[in-house]
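The primary structure of each chain is shown beneath.
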Amino acid sequence: MMNSDNVNNENVDLWSIDKCIFCKGQIGENSKILNCLHGICENCISSDGTDSNIQCKCGIVTNGELINYPIVVPNVSQAKICCAQYCDEVAKKICMSCNKLYCKPCSTIHLNNNKDHKPILMMTYPLKEEFIACPHCTEKCVEVYCTKCSKMICSLCHLNYHRKHNFKILKNMATQIKLKINMDLLELRKNNNILNSLMQRSDHNIEIFKCQMDQINENIDEAMNLLHEEINKRSLELKKSLEDNFIDAVQKINMNKMVLNDFKKENEYYYNLTSSVINNSKTFELIKISNIVMDQMIIAKRHTTNMPIEIASRYADLVYNFEQSMKECVENIQGFGNITSTPIVSLPEYKTMVNLNNDHQDLQNNLPSLSTMTQVQTEIVDNEMNVDSDSDSSDCSEYTPLVYCSCCNQWSEKLINCINCKKFYHYDCHIPSIDQELTPNNPLMKTWKCTLCQDISDIRLHVNVLLKKDVTAYFVSGSSEKRIIEYILMVLYCQNGDSEHYRECLDRELYPWYYEIVSDPISLNDIKRLFEYTTFNVSFIKLLKDINKVFTNGMSYYTEGDQYHESAKQLQITFFRMVKLWLPKIDITILQNP
C-alpha cells in the first residue's frame, strides 16, 4: 500500500539498469523484487534483517515473502567463481537442481557425484535459454502452457499427457501478454487523464465552495440584519405599547381618584348634616327628618362597602409577558436555517476497500522467478481461448468482489447499498432493521438511504420537537425519540475499529474478573435489542444513560493507555458530542449518574 505522505521526492526509476533501489549496487542472482517491482540486492536485504515490511523509496511497503529476482547476465565485475572447493575458475555452468555455479570441469565432476541431478538441468551460465527445463521429462525446455492444468511443459509432454487440453505456445503467449500489458498501459494513461480531470474538477469545486461560502455569509448577514431590524422594530412597538398602557392606566386611576373624592365629599356632607341633626334639641323635627337622613346615610355607606375589592386589596401593575414568547423565539432562531453540502463520495473508504481486496492477491504468481517457474499454478485468463468440453478450468466470467457491512464490518455478498453514502449494510445490522423484502433488485432501492443519510432538515424537525419536551420524563415511543436514538446508535456502530470491542459483553467463564469489577455489565447489542423490541416502556433518558454506561464500564475495566480503554473513550466523546448537538437541554452530568 502506498502512503502518499511517505513518498520520497527523489526520482526513482523502475528497473534502472538492474540496480538496487537502495544502494544503487548491481543486481545479482540472490536479489529480490519488491511489490513495487523495484529490485533490492542481497546486501540490503541482510542489512534490513527481514524479508517483510520493507518500505521502498517510492513509498510502497512490501509485506510477506519477497520474490526472487530472475538471474541476470553478469558483466565483467559481476563474474562468478566456481563454487567447488579449491577452484578459482570462472563459472560457466549452473546446476538447476541445486542452483549452484561450476566451471566446466567441476560441472562434470558434480554430475558424476550426484546421479540424481539430470544432465539436462546443467545449463550454460549465464543462461542462454529463455525457458527452463520441463518439470515432467527434464529433457526439453518448456515450450507450451497447458491452460487446463496451468503448467508450463514441453511440447512432447503435452502430446503424451495433455493431448486433450488446450495450450498456448510460450513465445506467442509472451507476445500476447506484452500486447495485453500495452493495452493496460494505454488504459492506465487514459485513467490518469480521467484522474487529472477529476482533480481539476475537485479544485474547481473548492473554488465554487469558496464563492458559495462568501455568498452564504452575505445571505446570513442579510438575514441577521433583517432579524435585527425586526427586533428593533418590535422593541419600538413594545415601548410604544408600554407608554400607551401607562397613560391609559394613569388616566383610569385619576378618574378613580375623582370618583373617590366625590364619595369623600358626599360622606363629609352627610357627616356634617347628620351631626347638625343630632345636635338639634327639637325632638319633633329630629323624628320627622330622621328617616330621610338615615336613608341617605345608608346610600353613602354603600359607596365604600360595595366598592370593588380590587381597589382596596392590591395595586395596579404593568405586566411584561415575554418568557414564553421569548423562549419560542429563541428556539425558532436556534433552528433558523441550516447549512448542508451535496453528498461527497469518500474516496479514502473506497481506497481502503480496494487495498483490502488487493491484499488477497499473490504477486508471486504474477512474477515467478526462474527457480520457481516449474511450479507455476497461476490461471491465465484468455477471453479468446476455446476450452474443450472436458476442461475443468476456472470460469472466466466477471468476478464481483465481496463488500463489508459498515455496521458489523463483516464481508458478505448479500448487503443493501445506500444510494447516498455508498455504504453497505446487513438487513439486521442497520438501525432500524431493513425489510427482508427490500432486495437489491427492488425498485425502492433506487431511492433508499441509510439512517445516517436521512435529510438533515428532517432530523432537525425531530430535534425541535424534543426541545419542547421534558425528555427525562418520556419513553422511547414517539417518532422523534426513536429517530435520534437510531442515529446515535448507527454512528457508534459504524466506528468499527472501536465499537467492535463493545458490541457484546465479555464471556463470563473466560473473564470472571470482569464481572467482579463491573457490577452492571451492558453492551451495545443489549441496548439495540432493548430499543428495537421494548421501546414502549423504555425511558428515553435511561437509554442514553445505558449507552454511556457501556463506555464507562470499558474505561473502568481496562487501564488507561490500553487499546480498549482508548476505544471506549473515543466512543464516549462521539456520544457526548451528538447529545450536545441534538439534545442540548440534557445535562451531560445526568448521563454519568446511575
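Given the structure is predicted, the values throughout are model-derived calculations rather than measurements.

A. Quick look at the overall build of the protein. Scanning the protein from N- to C-terminus turns up 17 helices and 15 strands. Of the contacts made within the protein by residues no fewer than 6 positions apart, 53% connect residues no fewer than 24 positions apart.

B. Examining the sheet that holds strand 10 (residues 151-153) more closely. Here 3 strands make up an open sheet; going across it, the order is 10-9-11 and the pairing antiparallel. Only two strands of the sheet have a single partner each, and these edge strands are strand 10 and strand 11 (167-169). Within the sheet, the average angular offset between the axes of one strand and its neighbour, ignoring direction, is 30°. Strand direction decides the pairing type here: strand 9 (residues 144-146) and strand 10, joined by 3 bridges, are antiparallel.

C. Structural view of the sheet that holds strand 8 (residues 122-124). Read from one edge to the other, the open sheet built from 3 strands follows the order 7-6-8, with strand pairing classed as antiparallel. Edge positions in the open sheet fall to strand 7 (100-102) and strand 8, since each of these has one partner strand only. On average, adjacent strands in this sheet sit at an angle of 30° to one another, irrespective of strand direction. Relative to strand 8, strand 6 (residues 93-95) runs antiparallel, the two sharing 3 bridges. If you follow Cys95 over to strand 8, its bridge partner there is Met122.

D. A look at the state of the cysteines. For the coordinates displayed, the defined rule picks out 0 disulfides. Between Cys20, a cysteine without a disulfide, and Cys44, which holds the nearest cysteine sulfur, the sulfur-to-sulfur distance is 3.6 Å. The exposure class assigned to Cys20 is buried, which follows from its relative accessible area of 1%. Distance from the sulfur of Cys103, which forms no disulfide, to the nearest cysteine sulfur (Cys106) is 3.4 Å. The exposure class of Cys103 is buried, given its relative accessible area of 4%.

E. Seen up close, unusual backbone geometry. For the bond from Ile431 to Pro432, the omega torsion is 0°, close enough to zero to count as cis. Relative to the elements of secondary structure, Pro432 occurs in the loop between strand 15 (424-425) and helix 10 (456-467). The phi dihedral of Tyr86 falls on the positive side, at around 65°, and the residue is not glycine. You can see Tyr86 is positioned in the loop between strand 5 (67-68) and strand 6. The backbone of Ser150 sits at a positive phi, close to 55°, despite the residue not being glycine. Position of Ser150 relative to the elements: it lies in the loop between strand 9 and strand 10. The class of Ser150 is buried, set by a relative accessible area of 3%.

F. Region of interest: the side chain of Ser523. Along the chain, the position of Ser523 falls in the loop between helix 13 (512-517) and helix 14 (524-533). Filtering out sequence-adjacent residues up to four positions away, Ser523 remains in contact with Tyr502, Arg503, Glu504, Cys505 and Val550.

G. Just a nonpolar patch on the surface, in detail. There is a patch of nonpolar side chains on the surface, built from Leu238, Tyr320, Phe322, Met326 and Val330 and spanning about 430 Å² of accessible area. Residue placement: Met326 occurs in helix 7 (residues 323-334).

H. Expanded view of the nonpolar core. Grouped together as the largest cluster of nonpolar side chains are 58 residues, with contacts concentrated most on Tyr425, Trp448, Leu544, Phe551 and Phe575. When contributions to this core are tallied by element, the ones reaching two or more residues are helix 11 (479-493), helix 13, helix 14, helix 15 (540-557), helix 16 (563-582) and helix 17 (588-591). Other than its neighbours up to four places away in sequence, Trp448 contacts Ile416, Asn417, Cys418, Ile419, Tyr425, His430, Ile434 and Leu438. Counting residues in hydrophobic clusters, the runner-up holds 17 residues, among them Leu34, Cys41, Cys56 and Cys58.

I. Just the pattern of salt bridges, in detail. According to the stated counting rule, one finds 10 salt bridges in the structure shown. Across the pair Lys549 and Asp520 runs a salt bridge whose closest N-O atoms are separated by 2.4 Å. Of the two residues, Lys549 is situated in helix 15 and Asp520 in the loop between helix 13 and helix 14; the sequence distance between them amounts to 29 residues. On the basis of relative accessible area, Lys549 is assigned to the partly exposed category, the value being 23%. A salt bridge links Asp526 to Arg529; the shortest N-O distance between them is 2.7 Å. Note that Asp526 and Arg529 are positioned in helix 14 at a spacing of 3 residues, about one turn of the helix. What makes Asp526 partly exposed here is its relative accessible area of 28%. If you follow the salt bridges from partner to partner, you end up with Asp520, Lys542, Asp546 and Lys549 in one network.

J. Representation of the packing of helix 14 against helix 15. At a minimum axis distance of 9 Å, the contact between helix 14 and helix 15 shows a crossing angle of 165°. When the axis of helix 14 is compared with that of helix 15, the two are roughly antiparallel. Helix-helix and strand crossings are classified by hand; for helix 14 and helix 15 the assignment is left-handed. Residue-level inspection shows Leu524, Ile527, Leu530 and Phe531 of helix 14 in contact with helix 15, the latter providing Leu543, Asp546, Ile547, Val550 and Phe551. Taken together, the residues of the contact of helix 14 with helix 15 break down into 8 nonpolar, no polar and 1 charged.

K. Quick peek at helix 4 (residues 170-278). For helix 4, with 109 residues, the first-to-last C-alpha span of 150 Å sits near the 162 Å given by 1.5 Å per residue. When helix 4 is considered as a whole, its buried residues turn out to be Leu170, Met173, Tyr270, Thr274 and Val277.

L. The arrangement of a negative patch on the surface in detail. Together, Asp214, Glu218, Asp221 and Glu222 give the surface a local cluster of negative charge. By the secondary structure assignment, Asp221 is in helix 4.

M. Representation of the packing of aromatic side chains in the model. A complete count under the given rule lists 8 aromatic pairs for this structure. Taking the centre distance of 5.0 Å and the plane angle of 80° together, the rings of Tyr558 and Tyr564 count as edge-to-face. Classification of Tyr558 as buried rests on a relative accessible area of 14%. Taken together, the ring pairs in this structure connect Tyr514, Tyr515, Tyr557, Tyr558 and Tyr564 into an aromatic cluster.

N. Inspection of the packing of helix 15 against helix 16 at higher detail. Following both chains from N to C, one finds helix 15 and helix 16 inclined at 155°, their axes separated by 7 Å at the closest point. Classified by the interaxial angle, the pair formed by helix 15 and helix 16 is roughly antiparallel. Seen from above, helix 15 lies across helix 16 with left-handed handedness. Every residue of helix 16 that contacts helix 15 at Leu544, Ile547, Asn548, Phe551, Thr552, Gly554 and Met555 is listed here: His565, Ala568, Lys569, Leu571, Gln572, Phe575 and Phe576. Class assignment of the residues belonging to the contact of helix 15 with helix 16 gives a composition of 8 nonpolar, 5 polar and 1 charged.

Scoring rules and cut-offs
- Residues numbered from 1 in each chain as written.
- Predicted model: local features only at pLDDT ≥ 70, side-chain atom pairs only at ≥ 80, totals over all residues.
- Heavy atoms only, no water.
- Helix = DSSP H or I, 4+ residues; strand = E, 2+ residues; numbered from the N terminus.
- Contact = heavy atoms within 4.5 Å.
- Pairing = 2+ DSSP bridges.
- Axes fitted to C-alpha atoms, helices over the stretch in contact; angles between N-to-C directions.
- Disulfide = S-S within 2.5 Å.
- Buried < 20%, exposed > 50% of the residue type's maximum accessible area, 1.4 Å probe, protein only.
- Patch = residues over 30% accessible without salt bridge, like charges linked within 9 Å, V, L, I, M, F, W, Y side chains within 5 Å.
- Areas by Shrake-Rupley, 256 points an atom, 1.4 Å probe, with all protein chains shown as cover.
- Salt bridge = Lys/Arg side-chain N within 4 Å of Asp/Glu carboxyl O.
- Core = buried A, V, L, I, M, F, W, Y, C linked by side-chain atoms within 4.5 Å.
- Parallel < 35°, antiparallel > 145°, perpendicular 65-115°, else oblique.
- Left-handed = near helix turned anticlockwise from the far one by under 90°.
- Nonpolar A, V, L, I, M, F, W, Y, C, P; charged D, E, K, R; others polar.
- Expected span 1.5 Å × (residues − 1).
- Lys, Arg positive; Asp, Glu negative; His and termini not counted.
- Charge placed at Lys NZ, Arg CZ, Asp CG, Glu CD.
- Phe/Tyr/Trp six-rings, centres within 6.5 Å; stacked < 30°, edge-to-face > 60°.

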